[in-house]
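The chain contents come next:
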Amino acid sequence: MHLFATLEDFNAQLGTITKWRRCLEALNTVQSLPRNTAHSIGDSLTYWWDKNAQLATTAFVGHRRYLDVWAPIQGNMTVELAPKHRLQAIDVYDDLSDRERFTGSGAVVAVPLGGLIVIDDDEASRIIANPDGTGALIRVTVEGYTFPNK
Amino acid sequence: MGVTNDWENPPLTGRNRIEPHAYFMAYENEKLALTYSRELARGFMQLAGPWNFHLFDGPAAVPLKALSQFNAQWETVVIPHLWQFDGYGKPAYTDEGFPFPIDQPYVPSDTPTGVYQRLVSLPAIPQGSRMILRFDGVESYAELYVNGHYTGMTKGSRLSAEFDITDYLHKGKNLFTVKVLQYCDGSYLEDQDMWWASGIFRDVYLIERPHTHLIDFHVRVSKHGNTAHVAIDIVSAHAKRCTVRIMRDGKTVAEAPFKHGHTCLTIDNARFWNPEDPFLYDLLLFVYDEKGLAEVVSHKQGLTEVKIENGRLLLNGSYFKMHGINRHDHDEYTGRAIGVQRMRRDLELMKRHNINAVRTSHYPNDPRFYELCDEYGIMLIAETDLETHGFQDIGNIALITDDPSWEAAFVDRIERLIMQERNHACIVMWSLGNESGYGCNIRAMYRKAHELDARPVHYEEDRNADSVDVISTMYSRVSQMNDFGEHPGPKPRINCEYGHSMGNGPGGLSEYQQVFDRWDNLQGQFIWEWCDHGIAKPAANGHVRYLYGGDYEDYPNHGNFCIDGMVFPWQEPSPGLTEYKQVICPIRLSYDTEKQLLTVTNRRWFTDLSDIRLAANTLVDGTVVSRQELIPGAVPPGASTTIKCLVTPASIGETLLTVRIHTINAHPWCEPFYEIGAAQFPISFIARPAVSSPALPELEALDGEKELIISGHGFSISFDLIKGTIMKWAAFGRDVMASGPKLGFWHPHIDNHKREYRGIWKPRLLDVMQTSVRQVEWLREGRNIIIRIEERIAPPTFAFGMNATIIYAVHPSGRIDVSASGKPYGNYHDVIPRVGITFELPSACHQVEWYGRGPGESYPDSLQANLIGRYRSTVENMFTPYVVPQDCANHEGTRWVALTSRHGDGLAITRKTEDQLHPFSFSAWPYSCEEIDRASHLDDLKPGETITVNINDQMLGLGSNSWGSEILDSYRIRFDRFSFSFSLRPFTSADLASALTQLQED
């Protein structure tokens, strides 16, 4: 997990890497798009925004080929997360959605408005419905050896 | 730069070119019109054929007299052609970069410039007639001179151009001269991923238009229940009156006069066009002058209406999905100058492989291609001639796309396409081009497109669908497409390129298809791409070498990135196309073993299953033991039915149900009872019990200092105690192996693994791992002899590797069980190509029989098309002729494989008795791994004295990440702990029973 209090911090650390730069681009664009409508930037990421209550899940959700990036866009966001190996799997990994779901409990992290959190691929997370607000989910590829696509 | 050259002036898209209009032929009477023969059209004169030709070093080098005087001494070329393919200069291949310095709109002053000349004998022109010279494709800039007079100019390489040359013609011989520049300002708009080559590459012909004639027509169809309303607008010259007749099977179904150039007809009980039933009416337009009939124009008219309602594309009111492919024009001998027979075979191959849509990437095709798509039933994303990809290399792909000074050049390209092809039923949407960024000129193109036609407009780089009607991405991964499905937008979506088919692959198509099938807003997917762009170069020895980027010393180049099709350059399907056929098979089957019910689901969009017959075969150990025909009946689109399908499990062995799906209908693309797909279901498996071994003598062992010789009943095995492998194995008086088994993790590099190769494997030298044998020991265990080898397999210069143990158990019957296990050390745990053993057999053992997936090659993420059965082939025939040699011929799901001589002497490979339920994969090549890796072209490979056999416990999936999707997580194998075993069983006289019988020898 990597928590960034501000987008400036995020940009300073990762802004030279295409997929992370596109992450900032997505955050700049996302509010101009219809709610709960997935869009993409290149092959790097997909992204959409919704109310926290809609983004919230009962189960922890983990991925293997994409990293979840949660960013509040109105109000704050609360994320509960844990290493996958400390959780109990409730279904098998699915290539079609790049998802695996878990139960258990983890650390609760508040993500401030203007910041974001990156969930690693050995972790799973879930959004807590409260506080009220809206947030963006950006799913960023783990591909990184080379990234020639648009 | 004081003078503006026409070829460096973007707003100037042509001079004296006739305004764009529908492509059609006109005839003197109705019967001639109904032949649809171009040759029988009024005054049609084909001018393709021999022309005199000379190539100059730039437009300034062309002397004026070359444009006005016939030069008999010039060489002759046969057009359509691309002059580089005839030896004038050389083709060059880049995927995206311009092959000249970027200085738009300027191009090199020495741009190759070809001048064509032909003397054409013409009769006197009939009074009042106009003579039109038409080019269907000239790349990239053409000036026309008739009898020395400048007549006109055109740009837009793959867009037709017509010139009225009447005023320059006379009775008798006329000199036609065409000056063609390879590059012009239009080249900045034509940076598609293909060979750079130029010339008159499509037909050129003369047409006579009488004083009174049709100029244009535009048909629009709307569906109201079973009734079609057909609105037609025409533009004519000097016509007294015009009428239209629509006929079905020779009978008139509607007829009407035009009033003020417009009419509307009604067809009751209309048979609407769709890709599954591409019915075409005869539409005849009659043009009259004062004396009577002046001409008849015929057009095969399909009735279609494409709409978007509630965010879904509808064809004639029905929801549909496009299972498509991106198609370039390509012929291995003539490049983009393809003949109509090549087009026809392309479409037949597509239909035979369940493909229902084509994106004309990335330019308009020959006008006859659209007619063929109407006829065969292929939906089109009709794309225009546009790609500015090379500007990406200077950091702004949209540099001219968002520059208003280029607007006319952009808009001209969509206008000419739509005006020419908008009467075709097969076109379900227009596409503004490819990979050109987004900007004001795209918006202008969109506006023009809708000014001319109501059908939806697509353009991939408008990724948020700011303008376009259909949102699109390319190479979005499986789970990304799932995201788009789970979170749909207000517009339909397609994936306009995916499944990059470079070399072996693509893998993962099945998972993609599951996602496409799952979500309604995903309405089409298009494989990249149809055909390899290899160029055939015959050699003196009769072989043909297929060339790609760099083979013409073209630099810079993108190598074999143009060898990325599902069809080989010689127009035969690759394994990737076979896989795609099965993945998109429109009939889905499932089987309930308990209830013995077969569920048949119709995934067609427009037609029922009344033509479908199912051949349900019961197989025991790969052999068909019973067959039944099942008839699903008229199951409507989207619906399912269940059929009782009784299968009796065999009392012993493996029972499978294979259902093959046939259509009983004949089509222009298939014969009756053509197989359109198949499915297979496991029924039961009851292991055959082991049999007591016959009385066999005890094994003898002779331990030399460096060698252990084991002798038994009719065989002897020499183990190298230094190298830890079989040195010599003789059985029944012949050599069983040419070299002993080696444990390994590498196979010949495949294009779809190049990201892994460049990013992680090559930097860590995984392709040159070294084996160091640390310990070899042997012992007797019961009646068997056990040899245990400890070895380390690791790359040079690094401190990681695999500590491996290989155990050979030699039995009195001559069977050898091989067990291998490994434990990695160091810091590498990422993906690897395979885990398996490799050995060599004498070249005589080239007959192959196996029980597993076949008949074609299969990989873990590409195996839907190859069902489990018992197959025979030869090592030579199993080797897939990828233009760039790479790993191939793998067969998943193998229960056993036997390689024998023609007399049936050979070696069978199985799992060990206790491990029968875990199939393996194998491949056999007439070359070594190193030879395949070294070869850059297929003809570099020369069969050796031995056969390489790979027995794989684990294989990495293929993916399609030569450009696109990485290997899905479930198909990734890693440098991790492993353990597996095989049995090697020599046999003779084709007595497979002896090899496959499980003997109790332990």
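Sequence order as written defines residue numbering, which begins from 1 separately in each chain. For naming, the first written chain is A and the first written ligand is 1, with later ones following in the order written. Local features in a predicted model are, by the rule used here, given only for residues with pLDDT of at least 70; side-chain atom pairs are given and counted only at 80 or more, and totals for whole chains, interfaces and linings are based on all residues. Side-chain figures throughout are based on the complete set of non-hydrogen atoms in the structure, without hydrogens or water.

## Remarks on the overall build of chain B
- Per the convention used, a helix needs a DSSP run of H or I reaching at least four residues, while a strand needs a run of E reaching at least two, with both numbered from the N terminus. Helix and strand counts for chain B come out as 12 helices and 64 strands.
- Relative to the 2.2 N^0.38 estimate, which gives 30 Å for 1002 residues, the radius of gyration of chain B is 32 Å and therefore close to what a compact globule would have.
- Taking the principal axes of its C-alpha atoms as reference, chain B extends roughly 110 × 65 × 50 Å.
- Whether a residue is buried, partly exposed or exposed follows from its accessible area with a 1.4 Å probe, protein chains only, as a fraction of its type maximum: under 20%, in between, or over 50%, in that order. The buried share among the 1002 residues of chain B stands at 64%.
- Long-range contacts, defined as pairs at least 24 residues apart, comprise 72% of the intrachain contacts of chain B with a sequence gap of at least 6.
- Shrake-Rupley sampling with a 1.4 Å probe provides the accessible areas, and residues are treated as covered by the protein chains on show and by no other component. Only carbon and sulfur atoms are counted for the fraction: they give 49% of the accessible area of chain B, which is about 35,600 Å².
- The positive count covers Lys and Arg only, the negative count covers Asp and Glu only, and His and the chain ends enter neither. Every charge is mapped to an atom, namely NZ of Lys, CZ of Arg, CG of Asp or CD of Glu. Seen as two clouds, the 95 positive and the 127 negative side-chain charges of chain B have centres 3 Å apart. The globule rule used here is 2.2 Å times the number of residues to the 0.38 power, and the radius of gyration it is set against is calculated over C-alpha atoms. The criterion used for residue contact is that any of the two residues' heavy atoms lie within 4.5 Å.

## What to know about the sheet that holds strand β12 (residues 161-164) of chain B
Residue and element names in this part refer to chain B.
- Read from one edge to the other, the open sheet built from four strands follows the order β3-β16-β8-β12, with strand pairing classed as antiparallel. Strand pairing shows two members of the sheet lacking a second neighbour, β3 (45-46) and β12, which therefore form its edges.
- Here, any two strands with at least 2 DSSP bridges between them count as paired. Bridge count between β3 and strand β16 (residues 204-209): two bridges; the pairing is antiparallel. Counted as the bridge partner of Q46 is Y205 from β16.

## Focus: the side chain of S157 of chain B
All names here are of chain B.
- When you line up the elements, S157 lands in the loop between β11 (149-155) and β12.
- Of note is the side chain of S157, whose polar atom sits 2.6 Å from the side chain of E190.
- Setting aside residues up to four positions removed in sequence, S157 forms contacts with G137, V138, E139, S140, E190, F201 and D385. For the purposes of these results, a polar contact is taken to be a pair of N or O atoms within 3.5 Å, where, inside protein, one atom must be able to donate a hydrogen and its partner to accept one; residues adjacent in sequence count only when each atom of the pair is a side-chain atom.

## Some thoughts on the sheet that holds strand β2 (residues 26-27) of chain B
All names here are of chain B.
- In space, the five strands of this open sheet follow the order β2-β23-β22-β19-β20, with antiparallel pairing throughout. Here the strands that pair on one side only, and so sit at the sheet edges, are β2 and β20 (251-257).
- As judged from the six bridges shared by strand β19 (residues 241-248) and β20, these two strands associate in the antiparallel manner. From the neighbouring strand, R248 faces β20, where its bridge partner is K251.

## As for empty space enclosed by the protein
Residue and element names in this part refer to chain B.
- In the cavity and pocket records, a cavity denotes points on a 1 Å grid over the protein atoms alone where a 1.4 Å probe fits but cannot get out, a pocket denotes an open set with protein on both sides within 12 Å along at least 5 of 7 lines, and lining residues are residues with an atom within 4 Å of a point. Grid points are joined across faces, edges and corners, and a volume is the space filled by probe spheres set on the points. Per the counting criterion, the structure on display carries 10 cavities of 30 Å³ or more.
- There is about 170 Å³ of room inside the largest cavity.
- Of all the elements in the fold, those that place two or more residues in the lining of the largest cavity are β12 and α4 (407-421).
- When residues of the lining of the largest cavity are assigned to their parent elements, the largest contribution, four residues, is made by α4.
- Here the residues of the lining of the largest cavity are counted per class, giving six nonpolar, four polar and nine charged. By the convention adopted, Pro, Cys, Tyr, Trp, Phe, Met, Ile, Leu, Val and Ala count as nonpolar, Lys, Arg, Asp and Glu as charged, and the other residues, Gly among them, as polar.

## Some thoughts on the interface of chain B and chain A
- Contacts between the two partners involve 40 residues from chain B, matched on the other side by 31 residues from chain A.
- Where chain B abuts chain A, roughly 3,000 Å² becomes buried across the two surfaces, and 44% of that area is made up of carbon and sulfur atoms.
- Counted as salt bridges are all cases of a side-chain nitrogen of Lys or Arg within 4 Å of a carboxyl oxygen of Asp or Glu. Inspection of the chain B/chain A interface yields six salt bridges.
- For R65 of chain A, the salt bridge goes to E966 of chain B, with nearest N and O atoms at 2.6 Å.
- On inspection of chain B and its partner chain A, the count reaches 14 residue pairs in polar contact (both at pLDDT 80 or more). By definition, the buried area sums, over both parts, the 1.4 Å-probe accessible area that each loses when the two are put together.

## Let's talk about the confidence of the model for chain B
- Each residue gets a pLDDT score, which is the predictor's confidence in that residue and runs from 0 to 100. Taken residue by residue, chain B gives an average pLDDT of 96. The fraction at 70 or more is 100%.
- Quick note on the complex model: pTM equals 0.97, ipTM equals 0.98.

## Observations regarding the pattern of salt bridges
- Here the structure, examined in full by the defined rule, presents 70 salt bridges over all chains.
- When the shortest N-O distance is used, the salt bridge between R64 of chain A and E100 of chain A registers 3.1 Å. Here the residue R64 of chain A occupies a position in the loop between β4 (60-62) and β5 (66-74), and E100 of chain A occupies one in strand β8 (residues 100-103), the gap between them amounting to 36 residues.
- Exposure remark for R64 of chain A: the relative accessible area of 31% places this residue in the partly exposed category.
- The shortest N-O distance in the salt bridge between R64 of chain A and D969 of chain B comes to 2.7 Å. Of this pair, R64 of chain A sits in the loop between β4 and β5 while D969 of chain B sits in the loop between β62 (946-955) and β63 (978-987), placing the two residues on different chains.
- What makes D969 of chain B buried here is its relative accessible area of 9%.
- It is possible to trace a salt-bridge network through shared partners that takes in E139, R158, E190, R336, D385 and R413 of chain B.

## Observations concerning the nonpolar core
All names here are of chain B.
- Counting 235 residues, the largest nonpolar core has M322 and L899 as its most contacted members.
- Among the elements that line this core, the one with the most residues is α4, at seven residues.
- In this view, M322 contacts L313, N356, A357, M379, I381, V428, M429, I494, Q523, G524, Q525 and F526; residues no more than four positions away in its chain are not counted.
- Buried residues of nine kinds, namely Ala, Val, Leu, Ile, Met, Phe, Trp, Tyr and Cys, make up a nonpolar core once their side-chain atoms join them within 4.5 Å. By size, the runner-up hydrophobic cluster in this structure holds 28 residues, among which are F24, I246, A256 and L283.

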